[in-house]
Amino acid sequence: MERMLTGNVGFLGAGAIAEALIRGMLNAGVVQPEQVLVSNRSDRERLADLNRRYGVRTAGSKGYVVDVCQVVVLACKPKDVAGLLAEVGGRFRPGQIVLSLAAGIATSFIEERVADGVMVVRAMPNTSCQVGESATAVCLGRAATPEAMRLVTEMLASVGQVYTVPEEQMDAVTGLSGSGPAYVYYIVEAMIEAGEAVGLAPEVARALTLQTLKGAALTLATTGADPAVLREQVTSPGGTTAAGLQVLREAGFAQALISAIVRATERSRELGRMPAQAATEVGD
Ligand SMILES: NC(=O)C1=CN([C@@H]2O[C@H](COP(=O)(O)OP(=O)(O)OC[C@H]3O[C@@H](n4cnc5c(N)ncnc54)[C@H](O)[C@@H]3O)[C@@H](O)[C@H]2O)C=CC1
Ligand SMILES: O=C(O)[C@@H]1CCC=N1
């Protein structure tokens, strides 16, 4: 199919998720380095570093990024979106696409700060963009056309799987899959620590944990089997797994994970309800 993303893609915000997305899109070949323009609040060294490592262009002026890009990605923290749009929102033109990654920030919040006809698309990827395996959800703002959706999907599908959801579900997506890699890494950290505690060398504990994670994820994906069924296959009656799982049940592990995702979802809602107040709560 003919490529739709022929113009420049600009980033307002050059942090973790901007880098993951840039890296993934470049690896996939959906954009060329010279099509990517990156800006941030003030950290010039960070921009120089991205230029060195990926060959992308950098800009000191955010207004310039808005002026020359077909798609502008909002990749700053939710609390910074209002200030950023107060600065450059007036420079967006009808037909341009704003792709917002900011947790909790509604498309209407952005639409109120740019000209009518600017097409806002909200997405929640995760950092697995960098290896082409993001779980990404998107929803469209009111001016966004099917054409805009196709273009954004071309970008996001190059870095993982894309699912369209109603906007009211974006906070839940954020709590589950936006934050999700962190929960998995947290479990991996604990498994490696445990491996060492039971006598393995650190590098062996790490290698076995990673391969276990990869094998389990691939088994889930390729068999399509219910995770509970796969868990039962591991659990020999009276065996080691049953003993381990019993400890997890007694510790309330599943409930803790559920509570974490519920709380992260709520936090996404909070960030969207009060971007200004969130600034004083979170700090920088
Ligand atoms: N890190 C993640 O896994 C994910 C993050 N997100 C969202 O992406 C956004 C960025 O998150 P991270 O990359 O983790 O944050 P980060 O703290 O690593 O990066 C934030 C970037 O925004 C820049 N920035 C702040 N104010 C600015 C302004 N006024 N103008 C231009 N740039 C400005 C900072 O200089 C920095 O480069 C957040 O809204 C977050 O909700 C979405 C999905 C996943
Ligand atoms: O922690 C955060 O707020 C962002 C949104 C999803 C992942 N990271």
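About the cut-offs
- Residues numbered from 1 in each chain as written.
- Chains lettered and ligands numbered in written order.
- Predicted model: local features only at pLDDT ≥ 70, side-chain atom pairs only at ≥ 80, totals over all residues.
- Helix = DSSP H or I, 4+ residues; strand = E, 2+ residues; numbered from the N terminus.
- Buried ≥ 20, exposed ≤ 12 C-beta atoms within 10 Å, placed from the backbone.
- Contact = placed C-beta atoms within 7 Å.
- Near = placed C-beta within 6 Å.
- Nonpolar A, V, L, I, M, F, W, Y, C, P; charged D, E, K, R; others polar.
- UniProt positions renumbered as here; feature names shortened; annotations may be inferred.
- Pairing = 2+ DSSP bridges.
- Right-handed = clockwise from strand over helix to strand, strands pointing away.
- Core = buried A, V, L, I, M, F, W, Y, C linked by C-beta atoms within 7 Å.
- Axes fitted to C-alpha atoms, helices over the stretch in contact; angles between N-to-C directions.
- Parallel < 35°, antiparallel > 145°, perpendicular 65-115°, else oblique.
- Left-handed = near helix turned anticlockwise from the far one by under 90°.

Student: How do you make sense of the overall build of the protein chain when you look at a structure like this?
Tutor: What the protein chain contains, in helices and strands, is 13 helices and eight strands. By principal-axis analysis of the C-alpha atoms, the protein chain measures approximately 65 × 40 × 35 Å. Looking at the protein chain as a whole, 37% of its 284 residues are labelled buried. Of the contacts formed within the protein chain by residues at least 6 apart in sequence, a portion of 68% connects residues at least 24 apart.

Student: Mind showing me how you'd approach the site of ligand 1 here?
Tutor: Around ligand 1 sit 27 residues in total, of which G13, G15, N40, C76 and A103 are the nearest. The element that contributes the greatest number of residues to the shell around ligand 1 is helix 4 (residues 78-88), accounting for four residues. Each residue belonging to the shell around ligand 1 can be placed in one class, and the counts come to 14 nonpolar, eight polar and five charged.

Student: Is there a simple way to think about the UniProt feature "domain: Pyrroline-5-carboxylate reductase catalytic N-terminal" (unreviewed entry) in the protein chain in this case?
Tutor: When the UniProt feature table is mapped onto this chain numbering, "domain: Pyrroline-5-carboxylate reductase catalytic N-terminal" (unreviewed entry) sits at residues 9-104. The distance from the first to the last C-alpha atom of residues 9-104 is 23 Å, and the span holds 44% helix and 19% strand.

Student: Explanation requested: the site of ligand 2 in the structure shown.
Tutor: Close to ligand 2 lie A103, T174, G178 and S179. Considered class by class, the residues forming the shell around ligand 2 number one nonpolar, three polar and no charged.

Student: Just to check I follow, could you spell out helix 11 (residues 240-250) for this structure?
Tutor: Because an α-helix packs 3.6 residues into every turn, residues spaced three or four apart end up facing the same way. Taken across its eleven residues, helix 11 has zero buried, putting it largely on the surface. Taken from the residues just after helix 11, G252 is the one with a positive phi, measuring 70°.

Student: How do you make sense of the pairing of strand 5 (residues 97-100) when you look at a structure like this?
Tutor: As a general feature of sheets, a regular strand has side chains that alternate between the two faces. Burial along strand 5 is two-sided: I97 and L99 and V98 and S100, pointing in opposite directions, are all buried. For strand 4 (residues 71-74) and strand 5, the ladder comprises four bridges, and the chain directions are parallel. Across the sheet, V73 pairs through a bridge with L99, a residue of strand 5. For the handedness criterion, the β-α-β arrangement of strand 4, helix 4 and strand 5 is classed as right-handed. Pairing of strand 5 with strand 6 (residues 119-124), which is carried by four bridges, proceeds in the parallel orientation. Across the sheet, the residue bridging to S100 is R122, located in strand 6.

Student: Help me out: how do you make sense of the sheet that holds strand 6 in this one?
Tutor: The strands that make up a sheet are held in pairs by hydrogen bonds between backbone atoms, and each pair lies either parallel or antiparallel. In space, the eight strands of this open sheet follow the order 3-2-1-4-5-6-7-8, with mixed pairing throughout. With one partner strand each, in any of the chains shown, strand 3 (57-58) and strand 8 (160-164) form the two edges of the open sheet. In terms of strand pairing, strand 7 (residues 134-140) meets strand 8 through five bridges, oriented parallel. Each residue of the ladder has a partner; that of A135, found in strand 8, is Q161.

Student: Could you clarify how one ought to interpret the environment of S177 in this entry?
Tutor: Residue placement: S177 occurs in helix 7 (residues 170-178). For the pair S177 and M155, spaced 22 residues apart in the sequence, the C-alpha separation amounts to 18 Å. Apart from residues lying up to four places away in sequence, S177 is in contact with N126 and A135.

Student: I keep staring at the nonpolar core and nothing clicks. Help me out?
Tutor: Considering soluble globular proteins, one finds that nonpolar side chains tend to be buried as a cluster. In this structure, V73, L74, V98, L99 and V121 are the most contacted members of the largest nonpolar core, which totals 64 residues. Top element by residues in this core is helix 1 (residues 16-28). It accounts for six residues. Here V121 is in contact with I97, L99, V138, L140, G141, A144, A148, M149 and V152, once residues within four sequence places are set aside.

Student: Before we go on, may I ask you to explain the packing of helix 7 against helix 12 (residues 253-273) in this structure?
Tutor: Packed helices, taken two at a time, are described by their axes: the angle between them and the distance between them. Close contact between helix 7 and helix 12 brings their axes to 8 Å; oriented N to C, the two are set at 135°. One way to sum up the angle between helix 7 and helix 12 is to call them oblique. In this structure, the crossing between helix 7 and helix 12 has a hand that is right-handed. Residue-level inspection shows D171, A172, T174, G175 and L176 of helix 7 in contact with helix 12, the latter providing I261, V262, A264, T265, S268 and R269. Looking at side-chain class alone, the contact of helix 7 with helix 12 contains five nonpolar, four polar and two charged residues.

Student: Got a minute to help me understand the packing of helix 8 (residues 180-197) against helix 9 (residues 202-223) in this structure?
Tutor: Viewed as axis vectors pointing N to C, helix 8 and helix 9 meet at an angle of 135°, and their least axial separation amounts to 8 Å. Comparing their axes, helix 9 and helix 8 come out oblique. The chirality of how helix 8 crosses helix 9 is right-handed. Across from V188, M191, I192, G195 and E196 in helix 8, the residues of helix 9 making contact are P202, A205, R206, L208, T209 and L213. In the contact of helix 8 with helix 9, the residues fall into seven nonpolar, two polar and two charged.

Student: Hey, could you run me through the environment of V188 in this one?
Tutor: Considering the arrangement of structural elements, one finds V188 in helix 8. Expressed as a C-alpha distance, the spacing of V188 and A86, which sit 102 residues apart in the sequence, is 41 Å. Setting aside residues up to four positions removed in sequence, V188 forms contacts with T209 and L213.

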